[in-house]
Structures are given as structure tokens and as C-alpha cells.
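Residue-level structure breakdown
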Amino acid sequence: VCTIVSRTPYCRNKDGVNVGLGPTVDEIDHLAALFTKVFHCAPVHSGVPPPSYIAHEKNNIYLIPLKTTGGDSLREKAQHLFFFPYHLQQIKSCLKESDWLHFRAPTGIGVLFLPWIFFFWKHGTWIKYAGSWKDRASPLSYKFQRWFLKRFPKRVKIAVNGVFNDLQGNFLDFRNPCFDKNTLHRAKGAANKKDFNGKLDLLFVGRLEQAKGLDDLMSLVEKMGNTNKINSLTIIGESRTLKKYENMAARLNTDVIFTGPLSRKSVFMHYARSHILVLLSKTEGFPKVIMEAG
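Residues numbered from 1 in each chain as written. Predicted model: local features only at pLDDT ≥ 70, side-chain atom pairs only at ≥ 80, totals over all residues. Heavy atoms only, no water.

1. A closer look at the side chain of Thr254
- Structurally, Thr254 can be placed in the loop between helix H7 (242-250) and strand E13 (255-260).
- Thr254 gets classed as buried once you look at its relative accessible area, which sits at 10%.
- Dropping the residues within four chain positions of it, Thr254 is found in contact with Val221, Ile230, Ser232 and Leu233. (Helix = DSSP H or I, 4+ residues; strand = E, 2+ residues; numbered from the N terminus. Buried < 20%, exposed > 50% of the residue type's maximum accessible area, 1.4 Å probe, protein only. Contact = heavy atoms within 4.5 Å.)

Set out below in C-alpha cells:
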């Protein structure tokens, strides 16, 4: 039995089924094959789930709802401290019958939960740090979590993105199970049909915000001016400032298509028809969009 603690967002769909962020749900479905039972402690949001959210395929995964906490403001960050006793109670109720604890960092709750794991959990432990291990621009809370993970005993397995000479042997380079052999087979078929000699279709997938580099992308395309190399730029994702990017796109000499958030099936269709994926994020750990697009 394994208990997973993460910040993976879930919502309840119109049929009353809990659905979560597609790539992570896929990953946890893969992990669930290793256990008889998996408890997943994660925040459940209210409202209508985005099209990219999917249900688990494995029936041995039990979602344990946590409060939605955290944000940009100091007040929102303080929610982690306020709700931690409740979250810990929920997590400990699962750990009573668990052999393994899998914590997915970095996340706001990690500042409090990692010390608890260090001092009180003595069974199987696997911590995954999904962010960039060497990123100097990360928030202070993320830097603390990286520092603290280096102090964990060697029996604790810690997965990171990449191989670093200054880390102990219990730090492992982990490749996310984002796709299976059938997906790879379909990808080869799509790749073999692509022609890069004509006009190119560019693709951006992610949140439409400055941190994801969309402002830089618009600026770069504008500086290119008239070009016969680009056929279109398709932008997939949700945004709180869509009007801002629509106004920026209106100044470009390139056909820009805003699709809004799409289902994973629809996103994969865009991967298949596009020539170039653009990723200009200010910081990334393991960008699943690269793996999926590839």
C-alpha cells in the first residue's frame, strides 16, 4: 500500500467523478500497478474541470481530498500553515495502513511536511522533486526544500530531473512515464508525415502568462516582421489576461490562433500537425509538454 501526497489539482465532473490533471493522472496510473492500494492526498477544487483533466483508469486509487491552499500573496501562502494540522491528519490516516510514502515536491506544504517525514516516518520513502534542481530563480520555499532533501538519510529515495555529481547515491534520475508503446508507435507515424520544407506551423502549450514566456514569444515573432517561413502560431491554454495576448497577436504578421484549454486528445492532434513546439518558460523542472510533443 502506498500513500501519495501531491499538489495535483482535481475537480468533480458533471457525472460526480473526480478528474485530475492529465499527465499526472497518467503517471499515477502507472505507479498504481506496483501496489494493491494507492491513497492519493491532493487538493480538490470547486468549479468545472478544464478539458485537460481526466479520470484514473486504475480502480485501486483512492483520492483523499485536501484543502486548496497557497497562492501568490502572503495571506494565501499562510493557508499552508493554517490548514497543515488538518492535512497531516488526513495523510496520517492513510499512512496507518501504508508501506510506502511518495511525496511529490516542490510544493508549499513541503516546507512543513518534509520535516515531518524526516523526523517521524520510518518506513519506505520516495520523494520526487519535479522542479529544476539547479534553478537559482526558484522561490525561497523551493530552495529550502532542495537544501533539506540533501539532509535526508540514504535509505530515502529521492528522484530528480537529471544527474548531478554533488548528490548522494540515493538521488536518482527519474524519467516520467508520460506515454506507453502504443503512443510511441502513433508518434512515429505522425513524425514520418511531416514536411519541414514549406511553411511551418508553430505551437505553444501551457498557461498564457509571462512566466511561461508567452510575452517573449510574441515579441520575437513581432521582431521577425514579414516572413514566408511561418504559416501559423497556435496557442493552447487558459489565461486570466487573454485580451492582453489577443491585442499583442493583432500586431503580428502571422496568423495566431487561440484555442483556449483543450482535451489531451485534441492537444495531441495539434502535436501531430505542428512542426515546432516553442517553450520559453522562465523556469521548468521536467516539462512534460516536451516529452508529449516529441
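From this point, the discussion proceeds with the structure in view.
2. Digging into the pattern of salt bridges
- According to the stated counting rule, one finds eleven salt bridges in the structure shown.
- Among the salt bridges present, the one from Glu27 reaches Arg104, with a minimum N-O distance of 3.1 Å. Taken as a pair, Glu27 in helix H1 (residues 22-32) and Arg104 in strand E7 (residues 100-105) lie far apart in primary sequence, 77 residues in all. Grouping residues by exposure puts Glu27 and Arg104 together as buried.
- The salt bridge involving Arg273 is made with Asp201; its shortest N-O contact spans 3.7 Å. One end of the pair, Arg273, is in helix H8 (residues 264-273); the other, Asp201, is in strand E11 (residues 200-205), and 72 residues separate them in sequence.
- When its relative accessible area of 9% is taken as the criterion, Asp201 is described as buried.
- Connected through shared salt-bridge partners, Asp26, Arg264 and Glu292 make up one network. (Salt bridge = Lys/Arg side-chain N within 4 Å of Asp/Glu carboxyl O.)

3. Comments concerning helix H6 (residues 214-224)
- Among the residues of H6, Leu214, Asp215, Leu217, Met218 and Val221 are the ones counted as buried. For H6, the arc enclosing every buried residue in end-on projection is 165 degrees, short of the 170-degree limit, so these residues lie on one face.
- Its buried side turned inward, H6 meets E11, strand E12 (230-236), H7 and E13.
- Phi for Gly225, located one or two positions after H6, is positive at around 70 degrees. (Arc of directions from axis to C-beta.)

4. Re the packing of H6 against H7
- Packing of H6 against H7 leaves a shortest axis separation of 10 Å and a crossing angle of 15 degrees. If you check the angle between H6 and H7, you find them roughly parallel. At the point where H6 passes H7, the crossing takes the left-handed sense. Contact with H6, carried on its side by Leu214, Asp215 and Met218, involves Lys244, Tyr245, Met248 and Ala249 of H7 and no other residues of that element. (Axes fitted to C-alpha atoms, helices over the stretch in contact; angles between N-to-C directions. Parallel < 35°, antiparallel > 145°, perpendicular 65-115°, else oblique. Left-handed = near helix turned anticlockwise from the far one by under 90°.)

5. Regarding the sheet that holds strand E2 (residues 10-12)
- Strand order in this open sheet of three strands is E2-E3-E5, and the pairing throughout is antiparallel. On the outer flanks of this sheet lie E2 and strand E5 (53-54), each paired with one strand and no other.
- Two elements, E2 and strand E3 (residues 18-21), share three bridges in a ladder whose sense is antiparallel. Across the sheet, the residue bridging to Arg12 is Asn18, located in E3.
- Contacts from H1 reach E2, E3 and E5 within the one sheet, and its direction differs from that of E3 by about 105 degrees. (Pairing = 2+ DSSP bridges.)

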